[in-house]
Amino acid sequence: MILKTCTYRLICLALALALALSLVACGKKGGFMGVADLLVSVEQMPSPEKDPAGFLRLNMKNTCDALKKRYAESPLAALAGVRADSGAFTLTLADTEERGALTAGLTFDRKAGRISLNAVTGQGAVRLYADPEFFGVSLPEVLGQEYYGFKPADIYEQASGSALGALMEEDTMASLKELEGLLDGVRSAPRISQEEAEKRLDKAFDELLAASDVAVERAAVQYGEQKTDGCMITVDTDGAAVAACWEKIGDIFPGLKAALAGSGADTDSLDSPAVKCRGSFAANGCLISVSLTFTGPDASQTALEANFFTENGETFTFTQKEEAVTLKSRPLTGESGWSHTLTLEKAGESAVLTTTYERGKVSLSLVTPKKSGGLSGDLHVTDSGFSFDNTSVTSDGQTRSDPLTVSFTVGGSVEKPTDTVNIFSLDEAELTALLIKAYTALGHEEIG
């Protein structure tokens, strides 16, 4: 389908916007940010007629800055601001009548390129470890203390000549080959600085607009119920120009390019002049509204519309085949904290997620047409980490204490295991012995 890639990317954009707002959800004191809050100095503002790319870039930056300010006081924003080159996550879920206890810990060290996960349940322990040279799993109660795994590089080659590979189906081997290609692509991609990435992004955006028909209309733009002088910029282009821009973005962010390739998205289908694309931007220092529309050769349309800084917050509407899905993000003022409402509307039904924070306590409630529930607990965030505990869960009107504790501590190191086994290095006899050992440990006294 010609619009498969367009649809996929618009969905990704909508989800990214929703995630960003969810992470930093909080209301500015006083509520609505109007014209006086948003208008920026126009002394350095590029002319929309002479330099539409520069004008839109600066408006986009100002919009991001204004949204950060609008949603800045949330402790969830503080969570996103906790940054560390190394650290440890821990999660503890105490034993209850409905389930057994669970303890899990994840540690990472970016500089060393190491990560490990240890989880303990009533059924036993599971350990994972990964670095550039080895990825493995340890099941102490089943296979002993050794980590069984493989080298992340040349996976297909390792499997092809191994006893384990001989037991794999053709589809499994083909998947390993694809995985190896993705990993090799990410590893071989050049590393670029943030400054260089910004320059290349600006260039890609400039080239996209240069290959497009750009119309500028001076007009009043509306901030909620307020109006001020601004302009409407309309950009008409085709799928080939957009595909070229996305290709350059993929070169800047190889992880994104690999994710798109691994998702199965038909990235070649966009590269066609028959696909028409239109972007409309209402702006005056900040973007007030954005509308993106992709029209296929069969006249079918896929669109995303975003409206910012209204009295009701921000609104994003995704439309495909005349079916619309609307996401509304509204920060509200609280007497001793903040609250935020995220509403998803589709086909006349809505789901509402409300988040509040008062005196160190966070509460989340979700109401859908068929089910309702909530989660609350004490959240504390500092420069050295965070903790979330004393939790309770509400489901369809019933509340119960749920002894869950989650915490993160900045710093620490990850120890590399000494007992590692490459599963592709095992010969047929060793592999058979390992399978028998696992079968026996799982409680089967007889084979066959």
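Worth saying up front: this structure is predicted, and the values here are computed from it rather than measured. (Residues numbered from 1 in each chain as written. Predicted model: local features only at pLDDT ≥ 70, side-chain atom pairs only at ≥ 80, totals over all residues. Heavy atoms only, no water.)

## Re the overall build of the chain
Then comes step 1: Broken down by element type, the chain carries twelve helices and 21 strands.
Then comes step 2: Burial statistics for the chain: of 448 residues in total, 38% are counted as buried.
Then comes step 3: A fraction of 48% describes how many contacts in the chain between residues 6 or more apart in sequence connect residues 24 or more apart. (Helix = DSSP H or I, 4+ residues; strand = E, 2+ residues; numbered from the N terminus. Buried < 20%, exposed > 50% of the residue type's maximum accessible area, 1.4 Å probe, protein only. Contact = heavy atoms within 4.5 Å.)

## Focus: unusual backbone geometry
Across residues other than glycine, the phi torsion is negative in most instances, and most of the peptide bonds are trans.
Then comes step 1: A positive phi is found at Lys321, a non-glycine position, where the angle reads about 50 degrees.
Then comes step 2: Within the secondary structure, Lys321 is located in the loop between strand E12 (313-320) and strand E13 (323-333).
Then comes step 3: Although it is not a glycine, Ala347 adopts a positive phi angle of roughly 50 degrees.

## What about the pairing of strand E8 (residues 226-238)?
Then comes step 1: Pairing of strand E7 (residues 213-223) with E8 involves eleven bridges; the strand directions are antiparallel. Within the sheet, the bridge partner assigned to Ala215 lies in E8 and is Thr234.
Then comes step 2: Looking at chain direction, E8 and strand E9 (residues 276-283) are connected through eight bridges and run antiparallel. Across the sheet, the residue bridging to Asp236 is Arg278, located in E9. (Pairing = 2+ DSSP bridges.)

## A look at the side chain of Thr341
Then comes step 1: Assignment of secondary structure puts Thr341 in strand E14 (residues 337-346).
Then comes step 2: What makes Thr341 buried here is its relative accessible area of 18%.
Then comes step 3: Residue contacts for Thr341: discarding those within four places in its chain leaves Lys328, Ser329, Arg330, Leu332, Val352, Leu353 and Thr354.

The analysis is restricted to geometry; functional conclusions fall outside its scope.
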